[in-house]
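# Inside the fold
Here is what each chain is made of, one letter per residue.
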Amino acid sequence: MDNYIFLQHYWWFLVSLLGALLVLLLFVQGGQSLLFFVGKTESEQKMLINSTGRKWEFTFTTLVTFGGAFFASFPLFYSTSFGGAYWVWLLVLLCFVIQAVSYEFQSKKGNLLGKKTYQIFLIINGVLGPVLLGTAVATFFNGAEFVVNKAQLTDIGMPVISVWANPLHGLEAAFVIWNVCLGLAVFFLSRVLALLYFINNINDETIKARCRKRLPVEAGLFLVFFLTFFVKLLVSEGFVVNPVSGEIFMEKYKYFNNLIQMPVIGIILLAGVLLVLFGIVKPLISKSIRGIWFTGAGTVLTVLALLLCAGWNNTAYYPSLIDLQSSLTISNSCSSLFTLKVMTYVSFFIPFVLAYIFYAWRSIDMHKITKQEMENDGHAY
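Computed from a predicted model, the values in this text were never measured in an experiment.

The number of helices and strands found in the chain is 16 helices and four strands. In terms of overall size, the chain behaves like a compact globule, its C-alpha atoms giving a radius of gyration of 21 Å where 381 residues would be expected to give roughly 21 Å. With respect to the three principal axes, the spread of C-alpha positions in the chain is 65 × 45 × 40 Å. Per-residue burial over the chain gives 51% buried out of 381 residues. When the accessible surface of the chain is split by element, carbon and sulfur atoms take 71% of a total near 17,500 Å². Computed over 25 positive and 19 negative side-chain charges, the separation of the two mean positions in the chain equals 11 Å.

Encoded structure:
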């Protein structure tokens, strides 16, 4: 494997890892959507809001970093998806903006809209955020409606490489049932992660009991939608690129074949699924509060494996349903060799950043949230 091909695969791995971490951090959104299901009193709701409120910056920062990494390493995808399917991404951004506003202003005295309105904003973000992100990621496997014409770049009147072939500009993905299945799977997974995080982070037996009671329901719904999407993925045709000619063609059972031909990825996927299930079952059969760590790690491994299947092994990671040869691969959509080399040197600082995040996270979670803290802390959300 030459240096350029290696860097393409390396950066797809980093982008996939960021995407996996983003899905894990969506427990913040899942917690917001559960605000009135788990919290029955104002003090309980305040504990829930502060539990997720101390982490929302991590989710937002990871989302921005995910987009930035895509822009730097695979700019043609960025211009095609973010520039073409812009309604989806604008809605995602809007959800995260109203989240930030809600956390900062809901407890301010004299706020214009009232506390309840800002809490409803949080719920909107908690529902739409994961569903929209999951639906958008599903197009990596099910395709989108765009055409790429690099020769168009020389047109002075309209130097646009990618053209979206649908006036809905990304919203049409919501009318494909398999896309929605993944969107709903991500939504219910975020709620499962949130329940496990509340059990771990909040020192209140009433809230813990409600979370354990609700956990089987949310986990069951997650498994229904995830398995529906996953089984459909394994038995469907996939988009293959000829590594020599660059031609895109269809192959039956492509994603199943990827797991067989890349056994390490298959093992990672299996390990991830087992960890997710173990983390869900553990707090149900014992008083353990550590389920979030198992399910969280399993989530990262599972999503990482799925995204690697979408881009590695000569697979078109962003298929075009209008023009098959416009489909994007890690080779035809990546940055130059020089750019990837420079960014690779920068990526060596990632372990230090992760170490700082771990330190900051541990410092924030050193003391569990209690009712007494909420009553006495003037800086609480």
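As enumerated under the stated definition, the model contains 39 aromatic pairs in all. Judged by centre distance (5.8 Å) and plane angle (5°), the ring pair of Phe188 and Phe225 falls under stacked. One end of the pair, Phe188, is in helix H9 (residues 177-201); the other, Phe225, is in helix H10 (residues 205-235), with 37 residues separating them in the sequence. A relative accessible area of 11% places Phe188 in the buried class. Considering the side-chain rings of Phe226 and Phe230, the 5.8 Å spacing of their centres and the 5° angle between planes classify their relative orientation as stacked. Of this pair, Phe226 and Phe230 both sit in helix H10, separated by four residues, roughly a single helical turn.

Structurally, Asn179 can be placed in helix H9. With relative accessibility at 1%, the residue Asn179 sits in the buried group. When sequence neighbours within four positions are dropped, the list of residues in contact with Asn179 reads Gly134, Thr135, Ala138, Thr139, Asn142 and Ala173.

To continue, consider a nonpolar patch on the surface. Nonpolar side chains collect at one region of the surface, where Trp87, Leu90, Leu93, Val97, Val101 and Phe105 lie side by side and expose about 520 Å² of accessible area between them. Tracing the sequence through the fold places Val101 in helix H7 (residues 86-105).

This next bit is on unusual backbone geometry. A positive phi angle is found at Tyr253, which is not glycine, with a value near 60°. Along the polypeptide, Tyr253 turns up in the loop between strand E4 (248-252) and helix H11 (254-261). Note on Tyr253: relative accessible area 35%, which makes it partly exposed. Phi at Asn314 takes a positive value of approximately 55°, unusual for a residue other than glycine.

For any two helices packed against each other, one specifies the crossing angle of their axes together with the interaxial distance. Contact pair helix H1 (residues 3-25) / helix H14 (residues 337-347): the axes reach a minimum separation of 10 Å and the direction vectors enclose 50°. On the basis of their axis angle, the class for H1 and H14 is oblique. Handedness of the crossing formed by H1 with H14: left-handed. Here Asn3, Tyr4, Leu7, Gln8, Tyr10, Trp11 and Leu14 of H1 come into contact with H14, specifically with Leu337, Leu340, Lys341, Met343, Thr344 and Ser347. Among the residues forming the contact of H1 with H14, the class breakdown is eight nonpolar, four polar and one charged.

The subject of this paragraph is the pairing of E4. Across five bridges, strand E3 (residues 237-241) lies against E4 in antiparallel orientation. Its bridge partner being in E4, Gly238 is matched across the sheet by Glu251. Counting the residues in the hairpin turn of E3 and E4 gives six residues, including Gly246, whose phi is positive at 80°.

On to the side chain of Glu218, then. Relative to the helices and strands, Glu218 is located in helix H10. At a separation of 2.8 Å, a polar atom in the side chain of Glu218 contacts the side chain of Arg214. Setting aside residues up to four positions removed in sequence, Glu218 forms contacts with Leu34, Phe188, Arg191, Val192 and Leu195.

Our focus in this paragraph is the nonpolar core. With 106 residues, the main nonpolar core has Trp12, Phe70, Phe74, Phe140, Tyr317 and Tyr318 as its most contacted residues. Ranked by the residues each element gives to this core, the list is headed by H9, at 15 residues.

Interhelical geometry of H1 versus helix H13 (residues 291-311) gives an angle of 140° and a closest axis separation of 8 Å. Here H1 lies oblique to H13, going by the angle between them. Where H1 crosses over H13, the handedness of that crossing is right-handed. Contacts between H1 and H13 pair Trp12, Phe13, Ser16, Leu17, Gly19, Ala20, Leu21, Val23 and Leu24 from the former with Gly296, Thr299, Val300, Val303, Leu304, Leu307, Leu308 and Gly311 from the latter.

The rules we used
- Residues numbered from 1 in each chain as written.
- Predicted model: local features only at pLDDT ≥ 70, side-chain atom pairs only at ≥ 80, totals over all residues.
- Heavy atoms only, no water.
- Helix = DSSP H or I, 4+ residues; strand = E, 2+ residues; numbered from the N terminus.
- Rg over C-alpha atoms; globule rule 2.2 N^0.38 Å.
- Buried < 20%, exposed > 50% of the residue type's maximum accessible area, 1.4 Å probe, protein only.
- Areas by Shrake-Rupley, 256 points an atom, 1.4 Å probe, with all protein chains shown as cover.
- Lys, Arg positive; Asp, Glu negative; His and termini not counted.
- Charge placed at Lys NZ, Arg CZ, Asp CG, Glu CD.
- Phe/Tyr/Trp six-rings, centres within 6.5 Å; stacked < 30°, edge-to-face > 60°.
- Contact = heavy atoms within 4.5 Å.
- Patch = residues over 30% accessible without salt bridge, like charges linked within 9 Å, V, L, I, M, F, W, Y side chains within 5 Å.
- Salt bridge = Lys/Arg side-chain N within 4 Å of Asp/Glu carboxyl O.
- Axes fitted to C-alpha atoms, helices over the stretch in contact; angles between N-to-C directions.
- Parallel < 35°, antiparallel > 145°, perpendicular 65-115°, else oblique.
- Left-handed = near helix turned anticlockwise from the far one by under 90°.
- Nonpolar A, V, L, I, M, F, W, Y, C, P; charged D, E, K, R; others polar.
- Pairing = 2+ DSSP bridges.
- Polar contact = N/O pair within 3.5 Å; in protein donor to acceptor, adjacent residues only side chain to side chain.
- Core = buried A, V, L, I, M, F, W, Y, C linked by side-chain atoms within 4.5 Å.

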